[in-house]
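Observations on chain architecture
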Amino acid sequence: QVQLVESGGGSVQPGGSLRLSCAASGHIFSIYTMGWYRQAPGKQRELVAAVTTGIKDGSSTTNYADSVKGRFTISRDNAKNTVYLQMNSLKPEDTAVYYCKADVVSTPWGTYDYWGQGTQVTVSS
């Protein structure tokens, strides 16, 4: 079993910053992709940002939703199985519950999707 524990949400004024963290623990052999999704009231869950680490060479690739490019930065500490989301220049439309997701290689051998419990981000004046 694998657990994802998120932290760092909260309330901030427009233009402010927040940093989200998500730590994975449990029976983990490796993690392909770690990412952040968000869901606003009445809307579908959407990808915010994701980072994938290559198993063979350890290189990382990132992708972002167009709406957050230039404002949000995703990073990853593979030794700690932790992913971060630095959110700058926050806007009211960034208000949502943010969920961490990890694609974990574990046993019985396979890749499994795990989700965190969600953390609320509110941007309001």
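Quick notes on the rules
Residues numbered from 1 in each chain as written. Predicted model: local features only at pLDDT ≥ 70, side-chain atom pairs only at ≥ 80, totals over all residues. Heavy atoms only, no water. Salt bridge = Lys/Arg side-chain N within 4 Å of Asp/Glu carboxyl O. Helix = DSSP H or I, 4+ residues; strand = E, 2+ residues; numbered from the N terminus. Buried < 20%, exposed > 50% of the residue type's maximum accessible area, 1.4 Å probe, protein only. Pairing = 2+ DSSP bridges. Axes fitted to C-alpha atoms, helices over the stretch in contact; angles between N-to-C directions.

What to know about the pattern of salt bridges
Pairing is possible between side chains of opposite charge, provided their charged atoms come close. Inspection of the entire model under this criterion finds 6 salt bridges. Residues Asp-94 and Arg-71 are paired through a salt bridge, measuring 2.8 Å at the closest nitrogen-oxygen approach. Of the two residues, Asp-94 sits in the loop between strand S8 (82–87) and strand S9 (96–106) while Arg-71 sits in the loop between strand S6 (60–64) and strand S7 (72–77), which places them 23 residues apart along the sequence. The pair formed by Asp-94 and Arg-71 is uniform in burial state, with each residue classed as buried.

Topic: the sheet that holds S7
Taken in spatial order, the 4 strands line up as S1-S3-S8-S7 in an open sheet, and their pairing is antiparallel. Looking along the sheet, the strands with just one partner apiece sit at the ends: strand S1 (2–7) and S7. Pairs of neighbouring strands in the sheet enclose a mean axial angle of 15 degrees, with direction left out of account. Taken together, the 6 bridges between S7 and S8 define a ladder with antiparallel strand orientation. The partner of Asp-77 across the bridge, within S8, is Thr-82.

Limitation: the analysis is restricted to geometry and does not speak to function.
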